[in-house]
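# Breakdown of the fold
Single-letter residue listing:
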Amino acid sequence: MTKPSEIRVPASSIAVRRGVESRVAVVGSPNSGKSTLFNRLTGLKQRIGNYPGVTVERHIGTLSWKDRKTELIDLPGTHSLRPHSLEEQITVDVILGRLAVAAPPDGILAVLDATNLYQGLFLVQQLVELQKPMVVALTMTDAAIRSGIDIDLHALSEALGGVRVCGVIATTGAGLNELREAVTTIQDAPLPRKINVWPELEVAISGLRSATGISLSETECVRLLIDGITERNQSFSAGLDNEFIARLDALRLEFFAGQPPVAVEARIRYGWVRSVLKSVQQSAPKLYGWQSRITEFLNQPFAGTIGLFVVMAVVFQAVFAWATPLMDFIDGATATLGARVGDVLGDGAFSSLIGDGVIAGVGSVIVFLPQILILFLFIILLEDSGYLARAAYLMDRTMRSVGLSGQSIIPMISSFACAVPGIMATRVIPSRRDRIATIMAAPFMTCSARLPVYALLIAAFVPAQQVGFMNLQGLVLFGLYMFGIVMGILTALLMRKTALRGPKPPFALMLPEFRKPNLQTVFFQLLGRVKVFLYRAGTVIFSVAVIVWALSYYPRSDLIAPEVEKQRQAAAFMLSGEELAVEYARIDNVAAAAQLEQSWLGRAGKSVEPMFRPLGWDWRVSAAVIAGFPAREVVIAVLGTVYAVGDQADEGTLSTRLKASTWPDGSKVFTLPMVLGLLIFYACCLQCAATLAVIRRETNTWRWPVFAWVYMTAIGYIGAMLAFQLGSA
Amino acid sequence: MEINGYTLATLKRGQKVVIKAINATDPQVQRLMVLGLVEGAEIEHASAALGGDPIEFRLFGCGISLRQEHARHFQVAPAGAGD
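Here is a short report on the structure shown in this document. (Residues numbered from 1 in each chain as written. Chains lettered and ligands numbered in written order. Predicted model: local features only at pLDDT ≥ 70, side-chain atom pairs only at ≥ 80, totals over all residues. Heavy atoms only, no water.)

### Quick word on helix α32 (residues 703-728) of chain A
Residues and elements named next belong to chain A. Between the first and last C-alpha of α32 there are 37 Å, a value that for 26 residues agrees with the 38 Å anticipated at 1.5 Å per step. Listing the buried residues of α32 in full gives W704, P705, A708, Y711, M712, T713, G716, G719, A720, A723 and F724. Each element contacted by the buried residues of α32 is listed here: α20 (432-441), α21 (450-461), α22 (472-497), α30 (672-684) and α31 (689-699). (Helix = DSSP H or I, 4+ residues; strand = E, 2+ residues; numbered from the N terminus. Expected span 1.5 Å × (residues − 1). Buried < 20%, exposed > 50% of the residue type's maximum accessible area, 1.4 Å probe, protein only. Contact = heavy atoms within 4.5 Å.)

Here's what the structure looks like:
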């Protein structure tokens, strides 16, 4: 490992190379309109990177104004420099320059919501205390005026040590040019004056620093004195020597005299905020217009809960119904393209690799894009309008009964489309135990990749009779969704009672006002999340598709091709025209099935058949299930090949073949108990390499993905065996 | 903490109060203080979820939700009544 100081040099020289003159961090409370402002300032000139070792994406953009270029870093919102969640920790680490790989920013653009100065100023005063070049953007000034708040910008600037305060309306662009000017010239402006929020603390800190000669910044010392050594600053505080820590602890005891330091800090800082508010703001904000009517409506406990269910139903309907035509189109296009490539390149390994491996692999990723896009669009719209927080609030009591908090509801709902974005959405959950329990429960939700398997098996084997007002097939599908939910909840509950036992998850949620989502913000967020999804899931799904292709293609048998040729000749002799084409296709499909039977995959299926025998599966089903472990959706294509109907067969052809499939003794393979077992297996099993990879990333250890895989596979196996054995008995 | 009189958990919808005293030993209560629930803050009961928990308050015009179990740690007095 190199020392941090040695890495910092290249990091800042990169900025110089791009012609960027300074790097400015955009910091604000959650819901302060920070992202909208960031998008307004940087437009299309932004990119998404990663902080090494952590999962939070790094949004960086360039602000160009009058020949000057400033790099803006959009940081997750935080309420205080004392971080509470993983995202807040990133913000604090970047601002304070704790990350070895990223140089500390040259200046700070503080975003302050004019309609929520009370909480906003709590953070901004801490930023002023950093004594760095700083500009304050006062956002939502239009909303503030409409709700009767009159803010004296001059008085506010004075109270904040003379930093420049620019009033802006990010949605219309008013005031933005002044802000651009201020940000690009941030290093020319005088540093903020000291604001003396807490003089006693400053005395104590300077005493500590001179006594120990510690090289830490004043702010770091303040944080250490108030927060102590915590989980959120361990990486940084681990290098402190014992003598310093002993002095720090002694000072802590003396200074706070038994009071909880965090509480003392809150009292003092909010005392200062209230005195500032008296001088800069005339009246407290009131609700107005349509927002107040919506809030009034949703504030009724019953109506609010009904409203939540309606919203959830609409999102579900959209994700599944609106996406279907697009998905069918992509599916069809991939198949056509694959067939074309096959025609052009002829037969052979290369042609098969391109057609069945690469194109099918890429297709299996982009086929999920419509659903992912629609899901993300809704989540971003709900987030940006402020409804997501309310959903968490309304569901908190229910989620608490299973040991989670309301904040777990969004990851759970997202997982119905795909567990990958669902697991990524758990980052907002502050408690680690709570977060991991949610991650373990999320893959049980019925994702869109399970749906084709369910649809095929249900259509083939569940009779389409009416049960009351519902169709039995629909009922089984509904039952499988409910089964997934129940299994997820039981898992979360089990985890919270055993490995993740701990205090009840904390819950304090800001409920922002409803506001119209800003289209530009929605667009950029959608773009960003889709990119991350394609990168995370796409690379994994694509590479496993190629691997599965190789396993099912090799080794080739030399005996099959001559046999095919012989049969073709015989057919050509007997038949002609349409009939001949059909016969040719049949021969090709039979040959493909024969190749698969002796491929690595087919051999694997045969060798594990005894293992799956208690579940009632023959080698064909076993081979398809094995192929599906890296990505469950490929199971249909493999079943199509193994049953010699071609990998692009429609469901009707395939299900006829499945129904006819028999054991050597003539008894049917696909009996109702066996199918039910197979469905249960699919409902439980974690057959998705992308999900495993994302669990690994988000938990930063292999322990959790391995545990999730073993646990879910075991449950799936036992469930399928019980269904088959009890059903056949 | 001895609970005498009103706490944030005993309010009815629309009631406006001032926080008088806080039992700050629970770290989760301290987190709420970081969010602005400190002595002297004016706060209004806005709504409650089904079953009366969690509760939504308005703090300087901004919504914040608390659970009953945490709301109990905040002693309050009616707003405007002698300080």
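Read on for the rest.
### Brief notes about the packing of aromatic side chains
All names here are of chain A. Evaluation of the coordinates by the stated rule reveals 22 aromatic pairs over all chains. A ring pair is formed by F629 and F681, whose centres lie 6.5 Å apart and whose planes are at 90 degrees; its orientation type is edge-to-face. Of the two residues, F629 is situated in the loop between α27 (619-628) and α28 (634-642) and F681 in helix α30; the sequence distance between them amounts to 52 residues. The burial state of F629 is the same as that of F681; both residues are buried. Centre to centre, the rings of W704 and F707 are 5.9 Å apart; their planes meet at 85 degrees, and the pair counts as edge-to-face. (Phe/Tyr/Trp six-rings, centres within 6.5 Å; stacked < 30°, edge-to-face > 60°.)

### A short note on the pairing of strand β1 (residues 22-28) of chain A
On a regular strand, one side chain projects to one face of the sheet and the next to the other, so that they alternate. All names here are of chain A. Of all the seven residues making up β1, seven are buried; the element is thus mostly covered by neighbouring parts of the structure. Side chains S22, V24, V26 and G28 of β1 all project onto a buried face; the interleaved residues R23, A25 and V27 project onto the opposite face, where all are buried too. In the sheet, β1 pairs with strand β4 (residues 68-74) via five bridges, with the strands oriented parallel. The partner of V26 across the bridge, within β4, is D74. With five bridges connecting them, β1 and strand β5 (residues 107-113) associate as parallel partners. Looking at the pairing, V26 lines up with L109 of β5. (Pairing = 2+ DSSP bridges.)

### Things to note about the pattern of salt bridges
By the definition in use, this model includes 31 salt bridges over all chains. Salt-bridge contacts for D53(B) lead to R397(A); the nearest nitrogen and oxygen are separated by 3.9 Å. Of the two residues, D53(B) sits in the loop between β2 (42-48) and β3 (55-59) while R397(A) sits in helix α17 (residues 387-400), which places them in two different chains. Note on R397(A): relative accessible area 42%, which makes it partly exposed. The shortest N-O distance in the salt bridge between E609(A) and R613(A) comes to 3.6 Å. According to the relative accessible area criterion, E609(A) is buried, its value standing at 16%. Owing to a relative accessible area of 44%, R613(A) belongs among the partly exposed residues under this scheme. Look at the salt bridges and you will find they share partners, linking R82(A), E129(A), R223(A), D227(A), E265(A) and R269(A) into a network. (Salt bridge = Lys/Arg side-chain N within 4 Å of Asp/Glu carboxyl O.)

### Points about the interface of chain A and chain B
Across the boundary between the two partners, chain A contributes 41 residues, which contact 36 residues of chain B. Overall, the association of chain A and chain B removes approximately 3500 Å² of surface from exposure, summing both partners, and the carbon and sulfur fraction of that is 55%. Considering only the side of chain A, the residues that lose the most area to chain B are Y118(A), R267(A) and Y393(A), jointly responsible for 17% of the buried surface there. For the interface between chain A and chain B, the tally reads seven salt bridges. Where chain A packs against chain B, one counts 15 residue pairs in polar contact (both at pLDDT 80 or more). Those elements that place two or more of their residues in the side of chain A that touches chain B are α4 (117-128), α12 (261-280), α14 (301-345), α17 and β10 (509-511) of chain A. For the side of chain A that touches chain B, the element with the highest residue contribution is α12(A), accounting for seven residues. Per-class residue counts for the side of chain A that touches chain B are 21 nonpolar, ten polar and ten charged. Judged from the three bridges that link them, β10(A) and strand β4 (residues 62-66) of chain B form a sheet pairing that is antiparallel. (Buried area = accessible area lost by both parts, 1.4 Å probe. Polar contact = N/O pair within 3.5 Å; in protein donor to acceptor, adjacent residues only side chain to side chain. Nonpolar A, V, L, I, M, F, W, Y, C, P; charged D, E, K, R; others polar.)

### Thoughts on the pairing of β2(B)
All names here are of chain B. Most of β2 is tucked away, with five of its seven residues classed as buried. Pairing analysis gives three bridges linking strand β1 (residues 16-22) to β2, with the strands arranged antiparallel. Bridge pairing in β2 links V17 to I43. Taken together, the five bridges between β2 and β3 define a ladder with antiparallel strand orientation. Across the sheet, A48 pairs through a bridge with I55, a residue of β3. Between the antiparallel neighbours β2 and β3 lie six residues, among them G51 with a positive phi of about 85 degrees.

### Comments concerning the sheet that holds β3(B)
Through backbone hydrogen bonds, the strands of a sheet pair up, either in parallel or in antiparallel fashion. Strand order across the open sheet formed by six strands is β10(A)-β4(B)-β3(B)-β2(B)-β1(B)-β5(B), with antiparallel pairing between neighbours. Edge positions in the sheet fall to β10 of chain A together with β5 (74-78) of chain B, since each of these pairs with one other strand and no more. With direction set aside, neighbouring strand axes in the sheet form an average angle of 40 degrees. (Axes fitted to C-alpha atoms, helices over the stretch in contact; angles between N-to-C directions.)

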